[in-house]
Structures are given as structure tokens and as C-alpha cells.
Amino acid sequence: MTVEALSYAIDDQDHLIKVDEGYYRFAEENGWEGAGSSLGRSLWDFVAGHEMKKVQRLLLKRIRDEVREVELPFRCDGPDVRREMLLRIVAHSSGRTVMFAARLSAETGREPQPILDPGAPHGEDLLPMCGWCDRFEVDGEWLEVEEAARRLGLFRRSEMPALDHGICPRCSKLLATA
Ligand SMILES: [Zn+2]
């Protein structure tokens, strides 16, 4: 059984300033290289993929500037397990420090030969995004990043859909009348 909870925090420059015991144990169980020297490193060293980084940066900005707190499900598979976690991200009341607290919600063993996940997105998945207001279109609705992530289970997917940069109707109208 995996470590059930872990937490870490970043400063205003997105550098890891605090990690707890759970973080180290989790890192060890999952064979993360160099986890012991995580402190002081950029959070973005640990996020794979350009699109994923982009969406997570947006989310972090929203949390710091607007919503202050978000809880989202995300996938964090280990070498032999499929793991669902719940991540709570909270902006500290003073300054730009942000705390992350993750807890395990479900864990199942993984087949050595992974079977195709019917819920997995296809490579051609496109997620429309407005380049002006940074909202995303989900089922015909334009949503802020945290709501889009929740509805689409963005961080639960093994693969991010590609972002399709465009403009939403609201921004399009604003620009037309400017
Ligand atoms: Zn827009």
C-alpha cells in the first residue's frame, strides 16, 4: 500500500520550499530520481509535457490571483499500480506561497501488459482554449481552468489533449466592439 498522504509547498518563484515525510516516502516508493534533493528545485522540473505545464501554470495563477483554493482529482501511477489521488491546492493568505496536499483515493494493481483504457482519450483529442481570457471550451461552455480540469478530469488522464488556440465568443465580441 502506498503512502496515503503527502504535502509540499512552493514559494512565489515556484520553487519547492517544503516537503513532508510522506513526500519522501512516496518518492522512494515510486523510484523518483533525485527526490532527496527536491528542495529548492522548480516545481516545473517535475511536470512532464508542454501542454500539461501550460495548463498547470494557468491553474496556479488562478489559485494565487482569484480562487485561492482548489481540489482536483489526478492520476499518479506508480510502476505497478494505477493510482487515483485528490490534490488540494491552497494559496497562503499572505504572499504567494502555495501549498499542495495530496491524498490517495484509490489504488489498483496494474496488469503487466496494460489493457486499453476505454476512457482514455485518443491522440487527436483537441481542447479549445481562448488565447485572450485563458478559458476552455467544454461541451459548448467556456470555463475557467479549474472548472475545465474538474469536468474533463484533465489531471486524471494519462495524456493531455492538445490545446486548440482560438478565441471565445465573449472575447471575440469585445474585440469587435473595441
Ligand atoms: Zn475569451
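Residues numbered from 1 in each chain as written. Predicted model: local features only at pLDDT ≥ 70, side-chain atom pairs only at ≥ 80, totals over all residues. Heavy atoms only, no water.

Q: Before we move on, can you summarise the packing of aromatic side chains with the specific residues and values?
A: Considering all chains together, one arrives at three aromatic pairs under this definition. Residues Tyr8 and Phe100 carry aromatic rings whose centres are separated by 4.8 Å and whose planes lie at 10° to one another, so their mutual orientation is stacked. Of this pair, Tyr8 sits in strand β1 (residues 5-10) while Phe100 sits in strand β5 (residues 98-109), and the two are 92 residues apart along the sequence. Like Tyr8, the residue Phe100 is buried in the burial classification. A network of ring pairs unites the aromatic residues Tyr8, Tyr23, Tyr24 and Phe100 as a single cluster. Against the face of Trp44 rests Arg57, its NZ or CZ located 4.4 Å from the ring centre. (Phe/Tyr/Trp six-rings, centres within 6.5 Å; stacked < 30°, edge-to-face > 60°. Helix = DSSP H or I, 4+ residues; strand = E, 2+ residues; numbered from the N terminus. Buried < 20%, exposed > 50% of the residue type's maximum accessible area, 1.4 Å probe, protein only. Lys NZ or Arg CZ within 6 Å of the ring centre and 35° of its normal.)

Q: Outline the pairing of strand β4 (residues 81-91), supporting the account with residue identities and numerical values.
A: Relative to β4, strand β3 (residues 69-75) runs antiparallel, the two sharing seven bridges. Pairing of Glu71 across the sheet is with Arg88, part of β4. Connecting β3 to the antiparallel partner β4 that follows it, the hairpin turn spans five residues. Note that β4 and β5 share 11 bridges and pair antiparallel. Residue Leu86 lies in a different strand from β5, and its bridge partner there is Arg103. In this structure, the hairpin formed by β4 and β5 is closed by a connection of six residues, where Gly95 is found at a positive phi of approximately 75°. (Pairing = 2+ DSSP bridges.)

Q: Mind laying out helix α2 (residues 50-67), listing which residues take part and the relevant values?
A: Side chains that are three or four residues apart share a direction in an α-helix, a result of its 3.6 residues per turn. Here α2 contains 18 residues, and its C-alpha end-to-end distance of 24 Å stays within 8% of the 26 Å for a straight helix at 1.5 Å per residue. Among the residues making up α2, those that are buried are Met52, Val55, Leu58, Leu59, Leu60, Arg62, Ile63 and Arg64. Arg68 sits one or two positions beyond α2 and adopts a positive phi of about 70°. (Expected span 1.5 Å × (residues − 1).)

Q: I'd love a proper account of the side chain of Arg135, names of residues and values included.
A: Here Arg135 is to be found in the loop between β6 (126-130) and β7 (136-138). Within the buried core, Arg135 has no salt-bridge partner, and the shortest N-O distance to an opposite charge, that of Glu144, equals 5.1 Å. A distance of 3.4 Å separates the side chain of Arg135 from the backbone oxygen of Trp142, its partner in a polar contact. Aside from chain neighbours lying at most four places away, what touches Arg135 is Pro128, Met129, Cys130, Trp142, Leu143, Glu144, Cys168 and Arg170. (Lys, Arg positive; Asp, Glu negative; His and termini not counted. Salt bridge = Lys/Arg side-chain N within 4 Å of Asp/Glu carboxyl O. Polar contact = N/O pair within 3.5 Å; in protein donor to acceptor, adjacent residues only side chain to side chain. Contact = heavy atoms within 4.5 Å.)

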